[in-house]
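# Results of the structural survey
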Amino acid sequence: MIAILEYGIGNVSSIKNMLKKIGANAVITNNIDDIKAASKLILPGVGRFDYCMSQLRSSAFFNVLERMVLELKTPILGVCAGSQMLFEKSEEGSGTGLGWIKGEVVKFKTDKLPTNYKIPHMGWTDIDPAQNNFLYAGIESPRFYFTHSYHILCEDITQVTATAEYGYNITASVQKDNIIGVQFHPEKSHQFGMKLYKNFVNL
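Here we summarise the structure given alongside this text. Think of each chain on its own: its residues are numbered from 1, step by step along the sequence as written. Residue-level local features of this predicted model are given only where pLDDT is at least 70; pairs of side-chain atoms are given and counted only at 80 or more, and the full residue set underlies all totals for whole chains, interfaces and linings. The basis for the side-chain values is all heavy atoms of the structure; hydrogens and waters are excluded.

What follows concerns the pattern of salt bridges. Each salt bridge in this description consists of a side-chain nitrogen of Lys or Arg and a carboxyl oxygen of Asp or Glu lying within 4 Å of one another. Enumeration over the complete set of coordinates arrives at 4 salt bridges. Its salt-bridge partner being Lys-102, residue Glu-88 comes within 3.8 Å of it at the nearest N-O pair. Taken together, the positions of Glu-88 in the loop between helix H5 (81-84) and strand S5 (89-90) and Lys-102 in the loop between S5 and strand S6 (103-107) put the pair 14 residues apart, joining distant regions of the chain. Buried, partly exposed and exposed residues are distinguished by accessible area as a fraction of the type maximum, computed with a 1.4 Å probe on protein chains only: under 20%, between the cut-offs, and over 50%, respectively. Since its relative accessible area comes to 47%, Lys-102 is described here as partly exposed. In this structure, Arg-143 engages Asp-126 in a salt bridge whose closest nitrogen and oxygen atoms are separated by 3.3 Å. Of this pair, Arg-143 sits in strand S8 (residues 143-148) while Asp-126 sits in strand S7 (residues 121-129), placing them 17 residues apart in sequence. Relative accessible area serves as the criterion here: at 33%, Arg-143 is assigned to the partly exposed category. Runs of H or I in DSSP of at least four residues are treated as helices and runs of E of at least two as strands, each being numbered from the N terminus.

Across the sheet, 9 strands lie side by side as S2-S1-S3-S4-S12-S11-S10-S7-S8; this open sheet has mixed pairing. Of all strands in the sheet, those with a lone pairing partner are strand S2 (26-29) and S8, marking the two edges. For this sheet, the mean inter-axis angle between neighbouring strands, taken without regard to orientation, is 30°. Taken together, the 4 bridges between strand S4 (residues 76-79) and strand S12 (residues 179-182) define a ladder with parallel strand orientation. When the bridges of S12 are listed, Ile-76 appears paired with Ile-179. Two strands make a pair as long as DSSP finds a minimum of two bridges between them. Only the stretch in contact is used when a helix axis is fitted, and all axes are lines through C-alpha atoms; the angle between N-to-C directions ranges over 0 to 180 degrees.

Our focus in this paragraph is helix H6 (residues 190-201). Each residue after the first adds 1.5 Å to the expected span of a helix. Between its terminal C-alpha atoms H6 stretches 17 Å, which fits the 16 Å expected from 12 residues at 1.5 Å a residue. Residues of H6 that are buried include every one of Phe-192, Gly-193, Leu-196, Tyr-197, Asn-199 and Phe-200, and no others. Along the long axis of H6, the arc covered by the buried residues comes to 155°, so they all point the same way. Working rule for contacts: check all heavy atoms of both residues, and any pair within 4.5 Å makes them a contact. Tucked inside the fold, the buried residues of H6 contact helix H1 (12-21), strand S3 (40-43), S4, S7, S8 and S12. The reported arc concerns the directions from the helix axis to the C-beta atoms and nothing else.

Moving on: the environment of Asn-63. Counting through the fold element by element, Asn-63 comes out in helix H4 (residues 62-71). Remark: the alpha-carbon pair of Asn-63 and Ile-32, spanning 31 residues in sequence, is separated by 9.8 Å.

Between 30 and 60 degrees the pair is tilted, below 30 it is stacked and above 60 it is edge-to-face, where a pair is any two Phe, Tyr or Trp rings, Trp via its six-membered ring, whose centres lie within 6.5 Å. According to the stated counting rule, one finds 9 aromatic pairs in the structure shown. Through a chain of ring-to-ring contacts, three or more aromatic side chains come together here, namely Trp-124, Tyr-136, Phe-144, Tyr-145, Phe-146, Phe-184 and Phe-192. For Lys-112, the ring lying beneath its charged end belongs to Tyr-168, and the centroid distance is 5.5 Å. The criterion for a charge sitting over a ring is simple: Lys NZ or Arg CZ within 6 Å of the ring centre, and within 35 degrees of the ring normal.

As structure tokens, then:
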């Protein structure tokens, strides 16, 4: 069973609908027993970094979540702001992130962008996956839907599993052991997102 974490943030219904299309057993939940029983977890996120982190830390299941991820090594997929929360801090706020992956989240550098590039980065963008990364298996010419004004700087570049170009090279996805994050929205990315979720479910 896949637990989509409900903590008052995120486009959870769209994620569940996408998982339903691929035949995955998924539940939107903040119930500790559901989370303990899950084989995989999805951490959605929409909105400001500090608010998302405050909501997550105040949830009844937060300590259980950390144990599931850090001790039991349950696979977790962070989506959009959920991927940014996996890191130590963000220029969007003053609070700390989960710190499960070393690095930070930074605002797009407008002085590096061509004048016709707008912030937030919003729309379909091609990505360049790392060779043989399971998340992109069977996806030809992958392109996903992005909407964000901040992007990840991963301290260990070997943990970057895909990049994208938006004026300059940015991180599109990361993985450290069982902890995975995607900056884009698979649930808004049609057949590409459907296949990515299927690859995660089959991990």
